[in-house]
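Residues per chain, in single letters:
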Amino acid sequence: MRVTIPKLQERARSGEKLAMLTCYDASFAATSDAAGVDILLIGDSLGMVIQGHDSTLPVTMDETEYHVRCVVRGSQNAFVLADMPFGSFQESPAQAFRNAARLMAAGAQMVKLEGGATMVETTRFLVARGIPVCAHIGLTPQSVNTLGGYRVQGKSDDAASRLVDDAKALEAAGAALVLMEAMPASAAKRVTEALTVPTIGIGAGVDVGGQVLVVYDMLDIFPGRKARFVKNFMAGQPSVKAAIEAYVKEVKAKTFPGPEHCF
Ligand code: KIV
């Protein structure tokens, strides 16, 4: 039976770290499921690792919906989280609802929206209408053009405080998970301690509720430059399943990320 939001919350409350991994197809979904991954994220990173674009911006709703269906067909246990692609939710809460509803109908159990304070109203609108939301703060790759590159966020005390404020506002609006990307471990710890909902980090240190990586990065398949927070879990492993099991084990044991993966 599929993991539910209360089950995820129960695991997090008991101190268990949540292991999330991106997933785009049925074979990886089945393998990750069997390896014990808690949450499969159909990330818009698919634009880069599957489609070969140099950003996530070109990914469409039709493509995301297709990949959600593939992942749902391939898995039985893991919680299914789908990214809202660029341009599918920023215009208005009503636009976000229309597109999020398509991903939920395809089998997603929650949608992820990039953005801090600007997404509070949309989060409230979706949650009130039956669509669970994961917030995504810190480095938000869909804003690469306004951020001026893929840069670590929340470095100053003020910037870290803004992340805490944004996360609290998103939680108050109903976000059930908060994903934090590329920020000092100290900032992510502050955010995590300020919330009651689980946090998931990528390049956000070990003092968070769980971890996520892009599966093609941690298996060392993607040929592009790797971020500091990526670890090659395929090294020394006999199979993809063993590599994913090693990732799950290290996340749960809090041995990943190590200091060398943190900002
Ligand atoms: O699309 C994606 O892969 C993401 C990452 C943060 C894991 O959102």
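Bear in mind that the values here come from a model prediction, so they are computed numbers and not experimental data. (Residues numbered from 1 in each chain as written. Predicted model: local features only at pLDDT ≥ 70, side-chain atom pairs only at ≥ 80, totals over all residues. Heavy atoms only, no water.)

### A short note on the overall build of the protein chain
Inference 1: Tallying secondary structure elements over the protein chain gives eleven helices and eight strands in all.
Inference 2: In summary, the protein chain has a C-alpha radius of gyration of 17 Å against a globular reference of 18 Å for 263 residues, a match within 12%.
Inference 3: With respect to the three principal axes, the spread of C-alpha positions in the protein chain is 45 × 40 × 40 Å.
Inference 4: Expressed as a percentage of its 263 residues, the buried residues of the protein chain come to 55%.
Inference 5: At a minimum sequence separation of 6, the contacts of the protein chain that also span at least 24 residues come to 65%.
Inference 6: Of the roughly 10800 Å² that the protein chain leaves accessible, carbon and sulfur atoms contribute 52%.
Inference 7: Taking the average location of the 26 positive side-chain charges in the protein chain and that of its 27 negative ones, the two points are 3 Å from each other. (Helix = DSSP H or I, 4+ residues; strand = E, 2+ residues; numbered from the N terminus. Rg over C-alpha atoms; globule rule 2.2 N^0.38 Å. Buried < 20%, exposed > 50% of the residue type's maximum accessible area, 1.4 Å probe, protein only. Contact = heavy atoms within 4.5 Å. Areas by Shrake-Rupley, 256 points an atom, 1.4 Å probe, with all protein chains shown as cover. Lys, Arg positive; Asp, Glu negative; His and termini not counted. Charge placed at Lys NZ, Arg CZ, Asp CG, Glu CD.)

### Some details on helix H5 (residues 93-105)
For an α-helix, the turn length of 3.6 residues means that residues three or four places apart are oriented alike.
Inference 1: Helix length check: H5, at 13 residues, gives a terminal C-alpha distance of 18 Å against a target of 18 Å (1.5 Å per residue), a fit within 8%.
Inference 2: Within H5 the residues assigned to the buried category are Pro93, Gln95, Ala96, Asn99, Ala100 and Leu103. The buried side chains of H5 occupy one side of the element, clustering within an arc of 150° when seen end-on. Facing away from the buried side of H5 by over 90 degrees, the exposed positions are Arg98 and Ala105.
Inference 3: If you follow the buried residues of H5, they end up packed against helix H4 (61-74), strand E3 (79-83), strand E4 (110-114) and helix H6 (120-128). (Expected span 1.5 Å × (residues − 1). Arc of directions from axis to C-beta.)

### A few points about the site of the ligand
Inference 1: Within the structure, the ligand sits among 13 residues, and Gly43, Asp44, Ser45, Asp83 and Lys112 are positioned closest to it.
Inference 2: A distance of 2.5 Å is found between an oxygen atom of the ligand and a side-chain nitrogen or oxygen belonging to Ser45.
Inference 3: In the model, an oxygen atom of the ligand is placed 2.8 Å from a nitrogen or oxygen of the Lys112 side chain.
Inference 4: For the ligand, the accessible surface in isolation is 250 Å², of which the surrounding protein chains cover 96%.
Inference 5: Judged by the proximity of its atoms to the pocket grid, the ligand belongs to the largest pocket.
Inference 6: Residues that form the shell around the ligand fall into these classes: five nonpolar, four polar and four charged. (Near = heavy atom within 4 Å. Polar contact = N/O pair within 3.5 Å; in protein donor to acceptor, adjacent residues only side chain to side chain. 1 Å grid on protein atoms, 1.4 Å probe; cavity = no way out; pocket = protein on both sides within 12 Å on 5 of 7 lines; lining within 4 Å. Sits in = over half its atoms within 2 Å of the grid points. Nonpolar A, V, L, I, M, F, W, Y, C, P; charged D, E, K, R; others polar.)

### Some details on the layout of surface pockets
Inference 1: A volume near 730 Å³ is recorded for the largest pocket.
Inference 2: Within the residue set of the lining of the largest pocket, elements represented by two or more residues are helix H3 (46-49), E4 and strand E6 (177-181).
Inference 3: Class assignment of the residues belonging to the lining of the largest pocket gives a composition of 17 nonpolar, five polar and ten charged.
Inference 4: Of the pockets and cavities examined, the second largest pocket occupies roughly 410 Å³.
Inference 5: Lining the second largest pocket are 20 residues, and of these Gly115, Gly116, Gly138, Thr140 and Asp166 lie nearest its centre.
Inference 6: Elements supplying a minimum of two residues to the lining of the second largest pocket: strand E5 (133-138) and helix H8 (157-172).
Inference 7: The dominant element in the lining of the second largest pocket, judged by the number of residues it contributes, is H8, at four residues.
Inference 8: The residue inventory of the lining of the second largest pocket, partitioned by class, reads seven nonpolar, ten polar and three charged. (Points joined across faces, edges and corners; volume = space filled by probe spheres on them.)

### Here's the deal with the packing of aromatic side chains
Inference 1: A complete count under the given rule lists six aromatic pairs for this structure.
Inference 2: Put simply, the rings of Tyr24, Phe28 and Tyr216 touch in pairs and so form one group of aromatic residues.
Inference 3: Positioned over the ring face of Phe125 is Arg129, at 3.6 Å from the centre of the ring. (Phe/Tyr/Trp six-rings, centres within 6.5 Å; stacked < 30°, edge-to-face > 60°. Lys NZ or Arg CZ within 6 Å of the ring centre and 35° of its normal.)

### What to know about unusual backbone geometry
Inference 1: In the segment running from Phe256 into Pro257, the intervening peptide bond is cis, with an omega of 5°.
Inference 2: By the element assignment, Pro257 lies in the segment after helix H11 (240-253).
Inference 3: One non-glycine residue, Asp220, lies in the positive phi region at around 60°.
Inference 4: Within the secondary structure layout, Asp220 lies in the loop between helix H10 (215-218) and H11.
Inference 5: On the accessibility criterion, Asp220 (44% relative accessible area) is partly exposed.
Inference 6: The backbone phi angle of Lys254 is positive, close to 65°, even though this residue is not glycine.
Inference 7: With respect to the helices and strands, Lys254 occurs in the segment after H11.
Inference 8: Owing to a relative accessible area of 46%, Lys254 belongs among the partly exposed residues under this scheme.

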